[in-house]
Amino acid sequence: MGEDVLDRLAALPGSDLTSLLLALSRRRAAALSGPDVLRQYRSDRFVAPSAVPFPVLRAAEDRLLAALPASFSVVGLSPVAPLGTCSAVALMDQNNIVSTMRGTEVAADPTNALALEAALLRQSGSSDVRLAAVQRVVRAQMFGGSGRFAHFTLFAAVSAGRARASLGFELEHFAEHVAFLREACGDVEFRVTVLDPRFEVVRGDLPADPARQTEYYKGLCFKVFRDGVEIGDGGFVDWTSRLTGNRKERLLISGVGVDRFATL
């Protein structure tokens, strides 16, 4: 397919493109038989059940939710998000996202969806916003090695608010996320990368990880390890600032790979 054809399709109004894609999918599905569907189910990495037993996975989810501070509101997120939620806000390659034909994308990271909700709450006048969610997500890029799946469960927490003097927002909420992750995940190790020298005071006495490369974190980011295995990640991002057009907005995100945590 030539670039001119792609450009013409991309320029179609959303409703026209959706109608075209729906018609194509209907014709393709009509040509399939039951054995065809079973054959794809057997071989397609996106549709296979989780390799982690459900009771083990659920126990890990319950442990994370039980340790969550009462100041956080747990949100039941939709399995889809607006198209561009990851690529336009978090700068993730859209090819790594499972896009749908209705102008949405399959959830790839609950922190992105929570950032949208936090931005709405902040615009409505809410003070500091604390949200959390547990969500099964899908990633389209190929992963290798054990403990890496096409779909997996993520626990996510975000804290949003307005910038305060002397990094007041960052100091308060980073300490809160660290304390929660220690409470929920047990004996864990934090490795912190300071991207702005001013954030050394936020890092405190946590071990530094100066070698880490990062695409979208601002000021400070971190990884969480248990028994030498990476189970979590987080840091400060500018997503609510970009969503609201307000440079004073601040957002801290953190996440735990529930499947990987559960197997430990």
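Throughout what follows, the structure given in this document is the object of discussion.

Definitions and limits used
- Residues numbered from 1 in each chain as written.
- Predicted model: local features only at pLDDT ≥ 70, side-chain atom pairs only at ≥ 80, totals over all residues.
- Heavy atoms only, no water.
- Helix = DSSP H or I, 4+ residues; strand = E, 2+ residues; numbered from the N terminus.
- Buried < 20%, exposed > 50% of the residue type's maximum accessible area, 1.4 Å probe, protein only.
- Contact = heavy atoms within 4.5 Å.
- Areas by Shrake-Rupley, 256 points an atom, 1.4 Å probe, with all protein chains shown as cover.
- Lys, Arg positive; Asp, Glu negative; His and termini not counted.
- Charge placed at Lys NZ, Arg CZ, Asp CG, Glu CD.
- 1 Å grid on protein atoms, 1.4 Å probe; cavity = no way out; pocket = protein on both sides within 12 Å on 5 of 7 lines; lining within 4 Å.
- Points joined across faces, edges and corners; volume = space filled by probe spheres on them.
- Nonpolar A, V, L, I, M, F, W, Y, C, P; charged D, E, K, R; others polar.
- Pairing = 2+ DSSP bridges.
- Axes fitted to C-alpha atoms, helices over the stretch in contact; angles between N-to-C directions.

## With respect to the overall build of the protein
Next, step 1: Along the protein, the regular secondary structure elements total ten helices and nine strands.
Next, step 2: Principal axes of the C-alpha set define a box for the protein whose edges measure 60 × 40 × 35 Å.
Next, step 3: In the protein, which comprises 264 residues, the share counted as buried stands at 41%.
Next, step 4: Residue pairs at least 24 apart in sequence account for 65% of intrachain contacts in the protein once pairs closer than 6 positions are excluded.
Next, step 5: Of the roughly 14,100 Å² of accessible surface on the protein, 54% is carried by carbon and sulfur atoms.
Next, step 6: Here the protein contributes 30 positively and 30 negatively charged side chains, and the mean placements of these two sets differ by 3 Å.

## Digging into the layout of surface pockets
Next, step 1: In this structure, the second largest pocket spans a volume of roughly 500 Å³.
Next, step 2: Taken together, 15 residues line the second largest pocket, and the ones lying closest to its centre are Leu-21, Ser-99, Thr-100, Met-101 and Arg-102.
Next, step 3: Considering only residue class, the lining of the second largest pocket consists of seven nonpolar, six polar and two charged.

## Some remarks on the sheet that holds strand E4 (residues 129-138)
Next, step 1: The strand order across the open sheet formed by seven strands is E1-E4-E5-E9-E8-E7-E6, and the pairing between neighbours is mixed. Each of the sheet's edge strands pairs with one partner strand only, and the pair in question is strand E1 (73-74) and strand E6 (189-194).
Next, step 2: The sheet contact formed by E1 and E4 spans two bridges and is parallel. By the bridge assignment, Val-74 is partnered in E4 with Ala-132.
Next, step 3: Contacting E1, E4, strand E5 (151-162), strand E7 (220-226) and strand E9 (249-257), helix H4 (residues 54-67) runs over the sheet at an angle of about 10 degrees to E5.
Next, step 4: Strand contacts of helix H7 (residues 168-185): E4, E5, E6, E7, strand E8 (229-237) and E9, with the helix running at about 10 degrees to E9, the strand carrying the most contacts.

Everything listed here is a matter of geometry and, on its own, says nothing about what the molecule does.
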